[in-house]
Amino acid sequence: LSIRAGAYSDELVKTAKTIASPGRGILAMDESNATCGKRLASIGLENTEANRQAFRTLLVSAPGLGNYISGAILFEETLYQATVDGKKIVDVLAEQNIVPGIKTDKGLVPLAGSNDESWCQGLDGLASRSAAYYQQGARFAKWRTVVSIPNGPSALAVKEAAWGLARYAAISQDNGLVPIVEPEILLDGEHGIDRTFEVAQAVWAEVFFYLAQNKVLFEGILLKPSMVTPGAECKDRATPNQVAKYTLDLLRRRVPPAVPGIMFLSGGQSEVEATLNLNAMNQSPNPWHVSFSYARALQNTCLKTWGGRPENVAAAQEALLARARANSLAQLGKYTG
Ligand code: 13P
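Residue positions are given per chain, counting from 1 as you read along its sequence in written order. Where local features are concerned, this predicted model is filtered to residues with pLDDT of at least 70; where side-chain atom pairs are given and counted, the filter is 80 or more; whole-chain, interface and lining totals use all residues.

**Some points on the overall build of the protein**
Working step 1: Strands here are runs of E lasting at least two residues and helices are runs of H or I lasting at least four, both read from the DSSP assignment and numbered beginning at the N terminus. Of regular secondary structure, the protein possesses twelve helices and ten strands.
Working step 2: Computation of the radius of gyration draws on C-alpha atoms alone. For the globule rule, the value is 2.2 Å times the number of residues to the power 0.38. For a compact globule of 337 residues, the expected C-alpha radius of gyration is about 20 Å, and the protein comes in at 19 Å, within 12% of that figure.
Working step 3: Overall, the C-alpha framework of the protein stretches about 50 × 50 × 40 Å when taken along its three principal axes.
Working step 4: For every residue, the other C-beta atoms within 10 Å of its own C-beta are counted; 20 or more classify it as buried, 12 or fewer as exposed, and values in between as partly exposed. C-beta atoms are placed from the backbone. Across the 337 residues that make up the protein, the buried fraction comes to 47%.
Working step 5: What counts as a contact is two residues whose backbone-derived C-beta atoms lie within 7 Å of each other. Across the protein, the fraction of contacts at a sequence separation of at least 24, relative to all contacts at a separation of at least 6, is 81%.

Structure, rendered in structure tokens:
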């Protein structure tokens, strides 16, 4: 049994269950400063701390957000930041009944010896950073590594991704943070859905092998997989029912029911597509809570509606709430469009 009898075991299980609660999912708002800059540029704003703060204040203070959102993943800057009117962001989240989380990986760099693939940095110093984030109020963490189908994936890249995730998961649990395990299988490529399915099975087999080897407590983790879809440039598109069937087949074959929650990333799907696919997966009971951890598929319309103008804040918050509500219904299998 892969049981880690650490000091935080009970709390980890409780945190994971709270995040995986019915009708709720995660708001990913942990864009690094560079990625956040791209989002701000798309509405003509400069990438300043003030602009990042303004947008993130808008997100966390949307009225009633906690009815649909159980956890919010933050970038380090936001974990220590106040809203524009001087309240700590973590306190605003607590009032909304939303658990604060923290992106703890340090991003992707080229993987020497691979086929132009990458690996994820951040293990050095992770234990002390995780302990500090816990002190600041974070209760879960995220580590995003990627696997590219067109570039291989090479056995080396898959092994590195899986091993890094497992080390991060063990270190997070030792410091009281529920690790979100995220090997993102990138959408890019012309491959069909069967190829994605094959790669995803190989990746998740290795991830769980190393999670077990590192004595990670499965009841105290959350997964953040990509849905099994055709490559973004593939001519054969898949319906939500096909995506649901492939993705659930993958999960049933690879993910033990001890894992409380599967929180999908949107990975460049449109807002509605991401909701429809999630809804399709919740048409029959699953062994785990099957939900969302979307960034773009929750924020895109909200960001455009805001446009950096104070007079648009309320409308932008309503746009965020509309997506959050739709995905909440999809988590319950009750979204009708
Ligand atoms: P997307 O939903 O925009 O893919 O982002 C989710 C995320 O946090 C990726 O790590």
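Continuing now.
**Focus on the site of the ligand**
Working step 1: In the vicinity of the ligand, the contacting residues are Ala28, Arg144, Glu182, Leu265, Ser266, Gly267, Tyr294, Ala295, Arg296 and Ala297.
Working step 2: Residue classes in the shell around the ligand are distributed as five nonpolar, two polar and three charged. Working rule for contacts: place C-beta from the backbone, and if it is within 6 Å of a molecule or strand, that residue counts as near it. By the convention adopted, Pro, Cys, Tyr, Trp, Phe, Met, Ile, Leu, Val and Ala count as nonpolar, Lys, Arg, Asp and Glu as charged, and the other residues, Gly among them, as polar.

**Here we look at the packing of helix H8 (residues 193-213) against helix H9 (residues 240-254)**
Working step 1: Packing of H8 against H9 brings their axes to within 10 Å, and their N-to-C directions diverge by 25°. Classified by the interaxial angle, the pair formed by H8 and H9 is roughly parallel. In the packing of H8 onto H9, the handedness of the crossing is right-handed. Residues Ile193, Phe197, Ala200, Gln201, Trp204, Ala205 and Phe208 of H8 touch H9, and the partners they reach there are Gln242, Tyr246, Leu250, Arg253 and Arg254.
Working step 2: Partitioning the contact of H8 with H9 into residue classes produces eight nonpolar, two polar and two charged. Axis definition: a line fitted to C-alpha atoms, over the contacting stretch in the case of helices. Angles run 0 to 180 degrees between N-to-C directions. By definition in this entry, angles of less than 35 degrees are roughly parallel, angles greater than 145 are roughly antiparallel, angles of 65 to 115 are roughly perpendicular, and the rest are oblique. Left-handed describes a crossing whose near helix is turned anticlockwise from the far helix through less than a right angle; right-handed describes the clockwise counterpart.

**A short note on the environment of Asn47**
Working step 1: By the secondary structure assignment, Asn47 is in the loop between helix H2 (33-41) and helix H3 (49-60).
Working step 2: Spatially, the C-alpha atom of Asn47 lies 28 Å from that of Gln135, the residues being 88 residues apart in sequence.
Working step 3: Setting aside chain neighbours within four positions, we find Asn47 in contact with Asn33, Cys36, Gly37 and Leu40.

**Some words on the sheet that holds strand E9 (residues 261-264)**
Adjacent strands of a sheet pair through backbone hydrogen bonds, lying either parallel or antiparallel.
Working step 1: Pairing between strands requires that DSSP locate at least two bridges from one strand to the other. Pairing within the closed barrel is parallel, and its eight strands lie in the order E1-E2-E3-E6-E7-E8-E9-E10.
Working step 2: Inspection of the sheet shows strand E1 (residues 25-29) paired to strand E10 (residues 289-294) by two bridges, in the parallel sense. Note on E10: the bridge partner recorded for Ile26 is Ser293.
Working step 3: Sheet strands in contact with H8 are strand E6 (140-147) and strand E7 (178-185), and its direction is about 150° off that of E7.

**Focus on the pairing of E10**
Working step 1: Buried residues dominate E10, accounting for six of its six residues.
Working step 2: Both E9 and E10 contribute to a ladder of four bridges, which runs parallel. The partner of Phe264 across the bridge, within E10, is Phe292.
Working step 3: Look down the strands so they point away from you; if the path from the first strand over the helix to the second goes clockwise, the crossover is right-handed. Assessed by its sense of winding, the connection that carries the chain from E9 through helix H10 (residues 271-281) to E10 is right-handed.

**Focus on the packing of helix H7 (residues 155-174) against H8**
Working step 1: Two elements in contact, H7 and H8, have axes separated by 8 Å at closest approach and are oriented at 35°. As for the relative orientation of H7 and H8, their crossing is right-handed in sense. Touching Val158, Lys159, Ala162, Trp163, Leu165, Ala166 and Ala169 of H7 are Ala202, Val203, Glu206, Val207, Tyr210, Leu211 and Gln213, all from H8.

**Some remarks on the confidence of the model for the protein**
Working step 1: Across the protein, the average pLDDT comes to 97, with 99% of residues at 70 or higher.
Working step 2: In the model output, the complex is listed with pTM 0.96 alongside ipTM 0.90. pLDDT is defined as a per-residue confidence score from the predictor, taking values between 0 and 100.

**Details of H9**
Working step 1: A helix's residues, less one, multiplied by 1.5 Å, set its expected span. Helix length check: H9, at 15 residues, gives a terminal C-alpha distance of 21 Å against a target of 21 Å (1.5 Å per residue), a fit within 8%.
Working step 2: Those residues of H9 that are buried lie in contact with H8, E9 and H10.

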